[in-house]
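Working through the structure, step by step
Below, each chain spelled out in residue letters.
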Amino acid sequence: MNNAFICDTQFQIINCLNIVYHNYNKNQNDIFIGEEFPDADIVIKNIKKSGLFHNVYRYVYPRNFDHRFKHKLNRVRELINPEKHVLSMIKDKIDLSEKRYDFIYISAPAHFMTLMVWSNPGADVIYFDDGTGSYSGNMLERLIDKKHQIAYRLLGRDYNALKPKQLFVNNIDFCNSSLTKDIQPLPRINDDAKFVNFCKKIFELEYNNPYSKCNFIYLGQPYFYNIEKSIQIENEISKTIIEHTQCVARFHPGQNCKEIPGFIIDKKRTAWELICVNEVHDSTVLIGRCSTAQLTPKIIFDKEPYIIFTYNLLGKLLKKEDKMRFDQLTKSLDKIYKDKSKIRKPATFDELDYDIRYCTRNNTVVNNELLIQ
């Protein structure tokens, strides 16, 4: 059985490692890794060295076209001949005509992933955990609107080929996805110390990281709304935080690191899931819009840090459908939290100020020992 695993974030890589390490290590498994995240070259080198996959392929996305028409024209060309454009993105030698996969594992209908599916007609598609987007609604319908579906059909691409046979998630009890009826649990990462140590070697986890210095962590996310106003709101949030406590800022892999006055900046950005093993505790405070990183400690490791969701502070900038999705996610999280007072959703900056002071009063410093040697 030939399997292709496609990923371009650290979280996606850990989920692929998890699937193959625990379930499919006797199959013919290839992995395609997008070089879009920090230290991608190191991670790819270590995955090759581990021998877990038969082949490890690197890919890069084509350059962004400044002109909107050129960008759309290039997308049309990709849809007409997806295999040709897949080959142009892969940096390693490969003959796709001889590489026919039975199953293609993807986390979302992203650019390279969809082209790979259309380059392998007849392959079954299986989705794996991509974070918040995998736990509510229908990711496929949310990311590919009716106009794009029509365009795909006109250019001979089957939208239905992107529909998954199964979805694998880290916490099935938390999952309300309507992407497929067949939702399966991934092996629990925190139940296998050997696998955690295997991942630490892949990502070359260092223990002298900034998270041991304080318990407040601000988690950045890309801007999907009015950028100028979003930055103004983010600056106000950071000022409110630093008035009360020291804080580490960790930016999303899709963001560039930047300095925030008074903050400790995590410039290395090692896989967050591995940071959660040792450095996130029930006393930790995670502040962010509504990110996968805020949910990870509970849904993967059953830890209950304080969480301050700031999406309501965006006000009218926040799209109605996004607010509904965030509300559903936070309500689902609330249901599985033992101490529900640790989940905070300020709607004003006065409420944010109160919530930070509340978490500061209830916060106790934890001795950061290595939980898994």
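As a reminder, the structure under discussion sits directly above these lines.
Residues numbered from 1 in each chain as written. Predicted model: local features only at pLDDT ≥ 70, side-chain atom pairs only at ≥ 80, totals over all residues. Heavy atoms only, no water.

A word on the packing of aromatic side chains. Overall, the coordinates contain 15 aromatic pairs when judged by the stated rule. On the numbers, 5.3 Å between centres and 40° between planes, the contact of Y21 with F198 is tilted. A residue pair is termed long-range when its members are at least 10 positions apart, and Y21 in helix 1 (residues 10–22) and F198 in helix 8 (residues 193–203) qualify at 177 residues. For Y21, a relative accessible area of 26% gives the class partly exposed. Of the residues examined, F198 reaches a relative accessible area of 17% and is grouped as buried. Ring geometry for Y59 against F112: centres 3.8 Å apart, planes inclined by 10°, an arrangement best described as stacked. Placement of Y59 in strand 3 (residues 55–59) and of F112 in helix 5 (residues 111–118) is noted, with a sequence separation of 53 residues between them. Exposure remark for Y59: the relative accessible area of 0% places this residue in the buried category. Using a relative accessible area of 0% as the deciding quantity, one classes F112 as buried. Chaining the aromatic ring pairs together yields one cluster made of F32, Y57, Y59, Y61, Y101 and F112. Above the ring of Y337, the side-chain terminus of K298 is found at 5.8 Å from the ring centroid. (Phe/Tyr/Trp six-rings, centres within 6.5 Å; stacked < 30°, edge-to-face > 60°. Helix = DSSP H or I, 4+ residues; strand = E, 2+ residues; numbered from the N terminus. Buried < 20%, exposed > 50% of the residue type's maximum accessible area, 1.4 Å probe, protein only. Lys NZ or Arg CZ within 6 Å of the ring centre and 35° of its normal.)

The next thing to look at is the packing of helix 1 against helix 8. Packing of helix 1 against helix 8 brings their axes to within 11 Å, and their N-to-C directions diverge by 135°. With respect to helix 8, the axis of helix 1 lies oblique. Considering how the two elements wind past one another, helix 1 and helix 8 form a crossing that is right-handed. Contact residues: helix 1 offers Q10, I13, I14, L17, N18, Y21 and H22, while helix 8 offers K194, F195, F198, C199, I202 and F203. Looking at the contact of helix 1 with helix 8 residue by residue, the class counts come to nine nonpolar, three polar and one charged. (Axes fitted to C-alpha atoms, helices over the stretch in contact; angles between N-to-C directions. Parallel < 35°, antiparallel > 145°, perpendicular 65-115°, else oblique. Left-handed = near helix turned anticlockwise from the far one by under 90°. Contact = heavy atoms within 4.5 Å. Nonpolar A, V, L, I, M, F, W, Y, C, P; charged D, E, K, R; others polar.)

As enumerated under the stated definition, the model contains 16 salt bridges in all. Close ionic contact of R58 with D92 constitutes a salt bridge, the shortest N to O distance being 2.9 Å. Placement of R58 in strand 3 and of D92 in the loop between helix 4 (82–89) and strand 4 (103–106) is noted, with a sequence separation of 34 residues between them. R58 sits in the partly exposed class, given a relative accessible area of 23%. (Salt bridge = Lys/Arg side-chain N within 4 Å of Asp/Glu carboxyl O.)

Before going further, it helps to examine the sheet that holds strand 9 (residues 183–185). On the basis of which strands lie adjacent, the open sheet formed by seven strands has the order 3-2-1-4-5-7-9 and parallel pairing. The strands lining the two open edges of the sheet, one partner per strand, are strand 3 and strand 9. Between one strand and the next, the sheet's axes are offset by a mean angle of 25°, whatever the strand orientation. Helix 5 contacts strand 1 (2–7), strand 2 (28–34), strand 3, strand 4 and strand 5 (124–128) of the sheet and is inclined by roughly 160° relative to strand 1. (Pairing = 2+ DSSP bridges.)

What follows deals with the side chain of T180. Looking at where T180 falls in the secondary structure, it is placed in the loop between strand 8 (176–177) and strand 9. Residue classification places T180 among the buried positions, given a relative accessible area of 14%. Here the side chain of T180 touches D182 through a polar contact of 3.2 Å, landing on its backbone nitrogen. Setting aside chain neighbours within four positions, we find T180 in contact with P164, K165, Q166 and L167. (Polar contact = N/O pair within 3.5 Å; in protein donor to acceptor, adjacent residues only side chain to side chain.)

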